[in-house]
Every structure is written in structure tokens, then in C-alpha cells.
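Observations on chain architecture
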Amino acid sequence: INRLKKEKKAVIPAHVYQRPEILLGVADFVGDSYKLAKLGAASDAKIIVFCGVRFMAETAKILSPDKEVLLPAPEAGCSLSESIGASDVRALKRKHPGAPVAVYINTTAAVKAECDVVVTSANAQKIMRKLYEKHEKVIFAPDAMMGRNLAKELGKTIGSDLIIWEGSCIVHDNFDAASVEFYRKMYPGVKILAHFECTPALTSVVDYIGGTGDMMKWVDDHKASSYMLITECGLGDLARTKFPDKVFVPMCRLCPHMKAVTLERVLSALESPTASQRVEVPAAVAARALRPIERMFELSEDNSPS
Ligand code: 13P
Ligand code: SF4
């Protein structure tokens, strides 16, 4: 894989939930959804072999229409992106006229095409705050858990000033909040971090809530000796290699979509991609989806006070 990617001028971005052999063996850059969207677009490679799931590869294609984007596991979806369609977003807009629509990056290109701004776990709070500067009501879709966590952080009421959609992540939506207390007793001093996609019952009893990039940064910034990263298991695997002196207590689940990518499939995509491994987004949809993605970059990097 490493020889072929040089020969073919290919780059391999990999989400932190990918298998360790991908993250440590062949990836050119590793990160959260936001970092992968930014770096994929900035790279001058001819081919992007996206080690992640379909919505990520679609985002890369929208940002780099001239590059060939390959998804080694073409069936790798996401329970969030499958929970909502473009017609659902249009119905929400009809029901709440004038309310801007922020959608999580975990959505299809067709859904992004219907919205005002895309957000990731790394910038959702910041972007939502900016939307509330100009609007009383905002629509956020499709992650209901993240919507409820945002409502709490921003002091908004679901159903009146924050309209959400009832989608959820199959990995994050049923971690057991009650076991947090048990683990705190078992591992005194352990710092417990949970992903934004976890339930509010869980996020209200942990030490930090954020996206995968922010969780890693929090660990880097703290001096505790043990941590629990409540999210997909890939993050803990990566953290063990980045912070060898720290202990990571497991409480994680595997995402079947993320783990569908294997080294064998990466190799076959590089050698001779099948039609289903080639990611295409219809030009009209891509043109409409690009604007809210660019808006995300603008708002997330805008440091004027909100
Ligand atoms: P982030 O890595 O952006 O936090 O996203 C998590 C996730 O579930 C991606 O599918
Ligand atoms: Fe989707 Fe959840 Fe898997 Fe991320 S972890 S790709 S949100 S199902």
C-alpha cells in the first residue's frame, strides 16, 4: 500500500476510529471529521483513499471534485446519516420557516445540500452560538443526543428555540451512565471523557464532553495517570500509542461501519478500484452542499467574539 500510494500520487486520510493497522501502518493523516475534511481538501494528491465512512468520503469529493475519491468499504454507512433524507430537511424548513438549519457532518450530500451550515463535534457549540446571535430558533439534525447536549450547553429549550431530529449513533447512544460511578470507585482518580454523541444522562456525569479531537487534546493537557474515553474503541487504541505513560481504561464499542475498512480492501481500492469504491456526488447536489461546508470552515475559524 505504501509503495502504491507513492506511485499513484494517492493520499490516505483515516478517521481515528479506523483499525490500528490502518492508522499506524498506511495513513498519511489521522484525525476527527473536521481535520479530515480540511486536510483532504488541502492535499495535492490525485487520489484520496478515504479510510472512513461514506459521508466523510462524500465530503472529500465535494471539496475536491477533480480528485478521485475511493472508499475501500463502499457499504460503510452511518446510523446518523441514514436517519434523515433531503425531503425530511425540507419538511423541517416548511414547519419552521426562517429558522436556519445546521446539520451534523454525519449526513449525506443530499441532506447537506438542503442546509445552511454543516457542523462537526469540534465546532458545533461555536457555530450554534453564532447562529443564535441572529436567530431565535435553530434547527439541528440529525443527532438527537448531540442536540440535547447542545441545548444544555447553550441554555436552549428543545421544541421551542432548538428543533432537533431523532437520529442517533448506534455506537454512542447506549453507553450505561450508571456504570460511570462504578468505574470511578474501581479506578480512583480516573478522568472520564465522553463523546458529544452520548446521551445527556451520561454526559452529565463525566469530566469532559467533546469530539474525538478535543478528547485527545484534553488528555494531552491533563496530568492524571488514568482516563476512560467513552466512544468508539479506535480512539483508545490510538491514545495508548500517543500517550504511552497514561493508562486508558476500556469502556468503548466498535463501529461496524468504520471497522469495515481493512488493509486488504485499501490495497484492492488502490490497485484496481471497483465502480462502487469510486465516490461520486452528482454535480448539482455537490454545488449546493459545498456552500454549507465552506460556511462551517468560515464560522469555525472566525474568532470574533460571539
Ligand atoms: P468526530 O471524530 O468528528 O468527533 O466524529 C465522531 C464520529 O462518530 C464520526 O463518525
Ligand atoms: Fe456513524 Fe456512530 Fe459509526 Fe460514527 S461511530 S460512523 S456516528 S455509526
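Predicted model only: the values in this text are computed from it and were never measured.

1. Things to note about the pairing of strand β10 (residues 191-195)
Put simply, side chains in a regular strand alternate between the two faces of the sheet. Among the five residues of β10, four are classified as buried, and the element is accordingly described as predominantly covered. As paired elements, β10 and strand β12 (residues 226-232) share four bridges and run parallel to each other. The residue bridging K191 from the neighbouring strand is Y227, located in β12. The pairing of β10 with strand β11 (residues 208-210) spans three bridges and is classified as parallel. Bridged to L193 within β11 is Y208.

2. Concerning the site of ligand 1
Neighbouring residues of ligand 1: 13 residues in total, closest H15, S33, S121, H195 and T212. Contacts to ligand 1 include S33, whose side-chain N or O atom sits 2.8 Å from an oxygen atom. Between ligand 1 and S121 there is a distance of 2.6 Å, counted from an oxygen atom to a side-chain nitrogen or oxygen. Protein burial of ligand 1: of its 300 Å² of free accessible surface, 96% is covered by the chains.

3. A word on the nonpolar core
Of all hydrophobic cores here, the largest spans 99 residues; its most connected members are V49, M128, F140, L150, L229 and M296. For L150, the residues in contact, after removing those within four places along its chain, are A124, Q125, M128, F140 and F196.

4. Some points on the packing of helix α3 (residues 33-42) against helix α14 (residues 283-301)
Closest axis-to-axis distance for the α3/α14 pair is 12 Å, and the angle between their directions is 115°. One finds that α3 runs roughly perpendicular with respect to α14. Considering only the axes of α3 and α14, their crossing is left-handed. Each of Y34, A37 and K38 in α3 lies in contact with α14, whose residues at this interface are M296, F297, S300 and E301. Per-class residue counts for the contact of α3 with α14 are four nonpolar, one polar and two charged.

What counts and how
Residues numbered from 1 in each chain as written. Chains lettered and ligands numbered in written order. Predicted model: local features only at pLDDT ≥ 70, side-chain atom pairs only at ≥ 80, totals over all residues. Heavy atoms only, no water. Buried < 20%, exposed > 50% of the residue type's maximum accessible area, 1.4 Å probe, protein only. Helix = DSSP H or I, 4+ residues; strand = E, 2+ residues; numbered from the N terminus. Pairing = 2+ DSSP bridges. Near = heavy atom within 4 Å. Polar contact = N/O pair within 3.5 Å; in protein donor to acceptor, adjacent residues only side chain to side chain. Areas by Shrake-Rupley, 256 points an atom, 1.4 Å probe, with all protein chains shown as cover. Core = buried A, V, L, I, M, F, W, Y, C linked by side-chain atoms within 4.5 Å. Contact = heavy atoms within 4.5 Å. Axes fitted to C-alpha atoms, helices over the stretch in contact; angles between N-to-C directions. Parallel < 35°, antiparallel > 145°, perpendicular 65-115°, else oblique. Left-handed = near helix turned anticlockwise from the far one by under 90°. Nonpolar A, V, L, I, M, F, W, Y, C, P; charged D, E, K, R; others polar.

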